[in-house]
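Structural description and commentary
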Amino acid sequence: MLFEKQIEKIYRGSLFVRNDNPHGIFYFAPEDFPGLQAHAYQFTAKAGHELKGWFYHYDDPKPGRLVVFDHGLGNGHRAYMREIERLAREGYLVYSYDHTGCMASGGANTNGFAQSLSDLDDCITALKAEPELRNRKFAVMGHSWGGFSTMNIAALHPEITHVISMSGFVSVKIMLEQTFSGILKCFREPILELERRTNPAYADLDSRWAIWYSDANFLLIYSADDQTVRKNPHYDILHNCFSRRYNVKLLLVEGKDHNPSYTAEAVRYKNAFFKDFQKAVKKKKLETQAQQKEFMARYDWKAMTEQDEYVWKEIFATLMEK
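A brief look at the structure comes next. Every chain is numbered on its own, with residues counted from 1 as its sequence reads. Thresholds applied to this predicted model are a pLDDT of at least 70 for local features of residues and 80 or more for the giving and counting of side-chain atom pairs; totals over whole chains, interfaces and linings are not thresholded and use all residues. Only hydrogens and water are set aside when side-chain values are computed; all heavy atoms of the structure are taken into account.

**With respect to the pattern of salt bridges**
Any Lys or Arg side-chain nitrogen found within 4 Å of a carboxyl oxygen on Asp or Glu counts as a salt bridge. What the rule picks out here adds up to 18 salt bridges. Where Arg196 meets Asp204, a salt bridge forms, and the shortest distance between an N and an O atom there is 3.0 Å. Each residue is assigned to one of three classes by its accessible area relative to the maximum for its type, calculated with a 1.4 Å probe on protein chains only: buried under 20%, partly exposed between the two thresholds, exposed over 50%. A relative accessible area of 24% places Arg196 in the partly exposed class. Overall, the relative accessible area of 46% leaves Asp204 in the partly exposed class. Put simply, Asp206 and Arg208 hold a salt bridge, and the shortest N to O gap is 2.6 Å. With a relative accessible area of 13%, Asp206 lands in the buried category. A single salt-bridge network, built from bridges that share partners, covers Glu189, Glu193, Arg196 and Asp204.

Below you can see the structure in the form of structure tokens.
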């Protein structure tokens, strides 16, 4: 029991905390992309707090289309401005928001793995209630934490027409099986029970069922060397289930770690940066604004987030499917 409480404390320290701006990390803003327009829109989560987001587009976006972009754990949607801008540059109206406990949004903490799906459910419900949006085709695209929610959202909103999931975990249960392996296996069920208490309507959803019963067009993207959401089990499970499914395409790339839409060079640069960042935090070299500004100026943030056009070609091909 003592070890179980310690494991839960560690888990809460990672999955039940506020994720606000980590000083020393640069995030692009709409102003960094000439002509990109941004319009604020917020909605209310089930718990009563506000979730803040923005619509992004260039002039004359595609009529009748909307892409909702769902961010990963540990940051807010602005960590994905290169991806959001790429969608907008292709002509899409894009909506993206900060999840519960993240950046501009309310909430005491991120509230576990299943919270991203709860938030996305609330997001789609709110957007569909807007008269000017309800007749649009809704596509969803997400990464990691957001990849899990986008793979599952079709079970809750069958009107979703297109799903792009990057590095998404299949279910909370399977992610916990990956996380708590070996001698830690005995802690899987207590932690799953914590997730169930926190989000009882979402913690047991499994994307295999959501995909199986959906007619949406799916593109599921993974990297073979990803150590965060590993090929085995996540990609392998989905490949075994859906490799011959008419509306599902699986894309496995190499050398992309946890960012399959980046170029391999960008991934290497990003990984090297985070080693430097952790060292700077440990040595308390990011304590002041001057230190943070000097540290960020050392890096080429555009190069660090460069997008792989081969992957984006597959993304846009899926979004164009009828």
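**Overview of empty space enclosed by the protein**
Gaps left between atoms show up when a probe the size of a water molecule is rolled over them. Space inside and on the surface of the protein is sampled on a 1 Å grid over the protein atoms alone, with a cavity defined as a set of points where a 1.4 Å probe fits but cannot get out and a pocket as an open set with protein on both sides within 12 Å along at least 5 of 7 lines; lining residues have an atom within 4 Å of a point. Grid points are joined across faces, edges and corners, and a volume is the space filled by probe spheres set on the points. Here the structure, examined in full by the defined rule, presents 1 cavity of 30 Å³ or more. The space that makes up the largest cavity amounts to roughly 30 Å³. Lining the largest cavity are Tyr80, Glu83, His143, Met166, Asn259, Pro260, Ser261 and Tyr262. Split into classes, the residues belonging to the lining of the largest cavity amount to 4 nonpolar, 3 polar and 1 charged. Residue polarity is assigned by list, with Asp, Glu, Lys and Arg as charged and Ala, Val, Leu, Ile, Met, Phe, Trp, Tyr, Cys and Pro as nonpolar; anything else, Gly included, falls into the polar class.

**Re the nonpolar core**
As used here, the term nonpolar core means buried Ala, Val, Leu, Ile, Met, Phe, Trp, Tyr and Cys residues forming a set that is joined through side-chain atoms within 4.5 Å. Core analysis: the biggest nonpolar cluster contains 58 residues, and Tyr11, Val68, Tyr95, Phe113, Leu127, Leu220 and Leu238 have the highest contact counts within it. Only DSSP runs of H or I covering at least 4 residues are called helices, and only runs of E covering at least 2 are called strands; the numbering of each starts at the N terminus. The element contributing the most residues to this core is helix 3 (residues 115-128), with 6 residues. Pairs of residues are marked as contacts when any of their non-hydrogen atoms sit within 4.5 Å. If we ignore the near neighbours within four places in the chain, the residues touching Leu238 are Met151, Val170, Ser207, Arg208, Ile211, Leu220, Tyr222, Ser243 and Leu250. Core analysis: the second largest hydrophobic core is formed by 37 residues, Tyr58, Ala139, Ala280 and Leu319 among them.

**Quick look at the side chain of Glu314**
Among the structural elements, Glu314 can be located in helix 12 (residues 309-319). Here the side chain of Glu314 touches Lys249 through a polar contact of 2.3 Å, side chain to side chain. Leaving out residues up to four positions away in the same chain, Glu314 has contacts with Leu219, Lys249 and Leu251. Any N or O atom pair separated by 3.5 Å or less is treated as a polar contact, with the protein-specific requirement of one donor-capable and one acceptor-capable atom, and with residues adjacent in sequence counted only for side-chain atom pairs.

**Considerations on the layout of surface pockets**
As a volume, the largest pocket reaches approximately 1,100 Å³. Along the wall of the largest pocket there are 45 residues; nearest its centre are Leu73, Gly74, Asn75, His258 and Lys270. When contributions to the lining of the largest pocket are tallied by element, the ones reaching two or more residues are helix 1 (2-15), helix 2 (81-89), helix 5 (172-179), helix 9 (264-282) and helix 11 (301-304). The wall of the second largest pocket is formed by 13 residues, among which Trp54, His77, Arg78, Asp98 and Met103 lie closest to the centre.

**Looking at a nonpolar patch on the surface**
To count toward a patch, a residue needs a relative accessible area over 30% and no salt bridge; like charges are then connected within 9 Å, while nonpolar side chains (Val, Leu, Ile, Met, Phe, Trp, Tyr) are connected within 5 Å. Surface exposure here means Shrake-Rupley accessible area, sampled with a 1.4 Å probe, where a residue is shielded only by the protein chains that are shown. Together, Trp209, Trp212 and Tyr213 make up an exposed nonpolar region whose accessible area comes to about 460 Å². By the secondary structure assignment, Trp209 is in helix 7 (residues 207-212). Since its relative accessible area comes to 55%, Trp209 is described here as exposed.

**So, the pairing of strand 3 (residues 65-70)**
In terms of residue burial, strand 3 counts as a mostly covered element, since 6 of its 6 residues are buried. By the alternation rule, side chains of strand 3 split into Arg65, Val67 and Phe69 and Leu66, Val68 and Asp70, which are all buried. When strand 3 meets strand 5 (residues 137-143), the two strands line up parallel, connected through 6 bridges. Bridge pairing in strand 5 places Arg65 opposite Lys137. Here a strand pair is declared whenever DSSP counts at least two bridges between the two strands. Taken together, the 3 bridges between strand 3 and strand 4 (residues 94-97) define a ladder with parallel strand orientation. Looking across to strand 4, one finds that Val68 is bridged to Tyr95. The path from the first strand over the helix to the second decides the hand: if it runs clockwise while the strands point away from the viewer, the crossover is right-handed. Considered for its hand, the β-α-β crossover made up of strand 3, helix 2 and strand 4 is right-handed.

**So, the sheet that holds strand 7 (residues 217-223)**
Sheet architecture is open: 8 strands sit in the order 1-2-4-3-5-6-7-8, paired in mixed fashion. Looking along the sheet, the strands with just one partner apiece sit at the ends: strand 1 (37-44) and strand 8 (248-253). Strand after strand, the sheet turns through a mean of 20° between neighbouring axes, direction not considered. In this sheet, strand 8 lies alongside strand 7 in parallel orientation, the contact comprising 6 bridges. Looking at strand 8, one finds that Tyr222 is bridged to Leu252. Angles shown run from 0 to 180 degrees and are taken between the N-to-C directions of axes, each axis being a line fitted to C-alpha atoms and, for helices, limited to the stretch in contact. Each of strand 7 and strand 8 touches helix 8 (residues 231-242); the most contacted strand, strand 8, lies at about 145° to it.

**What about the packing of aromatic side chains?**
Only the six-membered ring of Trp is used, alongside the rings of Phe and Tyr, when aromatic pairs are assigned; centres must lie within 6.5 Å, and planes under 30 degrees apart are stacked while those over 60 apart are edge-to-face, with the rest tilted. Within the structure shown, the criterion is met by 28 aromatic pairs. Where Phe43 meets Tyr97, the ring centres are 5.3 Å apart and the plane angle is 75°; that geometry is what we call edge-to-face. With Phe43 in strand 1 and Tyr97 in strand 4, the pair connects residues that are 54 residues apart, well separated along the chain. Comparing Phe43 with Tyr97 shows no difference in burial state: the two are buried. Any Lys NZ or Arg CZ that is within 6 Å of a ring centre and within 35 degrees of that ring's normal is treated as a charge sitting over the ring. Note that Arg245 overlies the ring of Trp212, its terminal NZ or CZ placed 5.1 Å from the centroid.

In short, geometric facts, not functional conclusions.
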